[in-house]
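Here are the chains, one letter per residue:
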Amino acid sequence: MKLKMKWLLLTMVITITTVLTGCEPLLVLDPKGPQAKTQADDIMLSIWLMLGIVIVVLAILVFVLLKYRASKQPKDYEPPHIEGSPIVEAICIGIPIIIVIFLSIVSVKSNYEVEATPAGYEDQEPLVIYASSSNWKWHFSYPEENIETVNYLYIPEDRAIEFKLYSYGPITSFWIPQLGGQKYAMSDMVTTLHLAADQPGEFMGRNANFSGAGFAENTFEVTAMSPKEYMEWVEEVHATASPLTEEKFEELLEPGHLGRSTYTGTHLEFAPPPEHNHGSTDTDEDVDSEHPEEHETQDHSDHSNH
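What you are looking at is a predicted structure, and each value in this text was computed from that prediction instead of being measured.

**Q** For this particular structure, what's the right way to read the pairing of strand S12 (residues 261-264)?
**A** Side chains on a regular strand alternate between the two faces of the sheet. Relative to S12, strand S3 (residues 147-150) is paired through four bridges, and the arrangement is antiparallel. Bridged to Thr-149 within S12 is Thr-262. For the handedness criterion, the β-α-β arrangement of strand S11 (residues 242-243), helix H5 (residues 246-252) and S12 is classed as right-handed.

**Q** What am I meant to see in unusual backbone geometry here?
**A** Backbone geometry follows two general trends: most residues other than glycine have a negative phi, and most peptide bonds adopt the trans configuration. In the segment running from Asn-135 into Trp-136, the intervening peptide bond is cis, with an omega of -5 degrees. For Trp-136, the location among the structural elements is in the loop between strand S1 (127-134) and strand S2 (137-142). Unusually for a residue other than glycine, Asn-151 sits at a positive phi of about 65 degrees. With respect to the element layout, Asn-151 can be found in the loop between S3 and strand S4 (152-156). Taking relative accessible area as the criterion, Asn-151 reaches 8% and is therefore assigned buried.

**Q** Is there a simple way to explain the sheet that holds strand S10 (residues 219-225) in this structure?
**A** Adjacent strands of a sheet pair through backbone hydrogen bonds, lying either parallel or antiparallel. Read from one edge of the open sheet, five strands run S4-S10-S9-S6-S7, paired in mixed fashion. Each end of this open sheet is capped by a strand with a single partner; those strands are S4 and strand S7 (180-185). The mean angle between the axes of side-by-side strands here comes to 20 degrees, regardless of whether they run parallel or antiparallel. Relative to S10, strand S9 (residues 201-207) runs antiparallel, the two being bridged by six bridges. Note that in S10 the partner of Gly-201 across the bridge is Ala-224. Across the sheet, helix H4 (residues 227-240) lies against S4 and S10, angled at about 135 degrees from S4, the strand it touches most.

**Q** Looking at this structure, I do not really get the pattern of salt bridges. What am I missing?
**A** Between side chains of opposite charge, pairing is possible as soon as their charged atoms come close. Within the structure shown, the criterion is met by eight salt bridges. The partner of Glu-221 in a salt bridge is Arg-260, and the shortest N-O contact between them spans 2.6 Å. Of this pair, Glu-221 sits in strand S10 while Arg-260 sits in the loop between H5 and S12, and the two are 39 residues apart along the sequence. What makes Arg-260 partly exposed here is its relative accessible area of 44%. The closest approach of N and O atoms between Lys-248 and Glu-251, which form a salt bridge, is 3.5 Å. You can see Lys-248 and its partner Glu-251 sitting in helix H5, three residues apart, about one turn around the helix.

Basis of the calculations
- Residues numbered from 1 in each chain as written.
- Predicted model: local features only at pLDDT ≥ 70, side-chain atom pairs only at ≥ 80, totals over all residues.
- Heavy atoms only, no water.
- Pairing = 2+ DSSP bridges.
- Helix = DSSP H or I, 4+ residues; strand = E, 2+ residues; numbered from the N terminus.
- Right-handed = clockwise from strand over helix to strand, strands pointing away.
- Buried < 20%, exposed > 50% of the residue type's maximum accessible area, 1.4 Å probe, protein only.
- Axes fitted to C-alpha atoms, helices over the stretch in contact; angles between N-to-C directions.
- Contact = heavy atoms within 4.5 Å.
- Salt bridge = Lys/Arg side-chain N within 4 Å of Asp/Glu carboxyl O.

Have a look at this one:
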């Protein structure tokens, strides 16, 4: 019976190992940008730290079981009464406190890093993209290029991207695992997410927050390309795409799934984002200068909220 159990366990280990070796690397551990690299490093640090703790605890467990195992003592044997050890108690309490403090410092530091402009891109003007969600699709507005896309995103490599997130429906979560962490998009405010791709490639993006029956297919494709290819794409769109009208945008907002589509112009002209902008920067002035009245209202709203 014991032999059968050993063979069963060995078979399970071999099977699991074989299956895992055929898996692609986890997207969050395959970063293609500075923000994602910071987060992947934090994840691996946590994994190695937890693995070290588990190994130490198991080693202590084995030591205690072997050293203090039951032995052949007389039936009337009574072990001596031993008071608690201050050293042992200090170790048992102190080490967890040190671990928590260390992880807290790492988490706070990295949180400030990923919330700011990506490292190495501070001196360049970011590309501002308004990313809004609706059931169950994503709309990407490029005010700088006067272009709008649905369910796909083209970005230049080696340039900071400043996403302005909001929703035309339930709360969603904008997430491109290989470029950075997720951030919520809501209907009553704009949130800001800073990302950058430090190499060309195609990446998967999705809504990471359950938002109804069509949530599973609420995805989009991201392509990072050289600045030259990006500008060629912009010129091609202006030469071939149809203009986005208010009627067409209302049609796009209807619940359902759509493929990719491209338009000249953006819906920001007739359907501006929410006034309250959380995490805004000076780059917003470039967009809001086209709508001074809306910008004035936004400033008044922000001052009243603070």
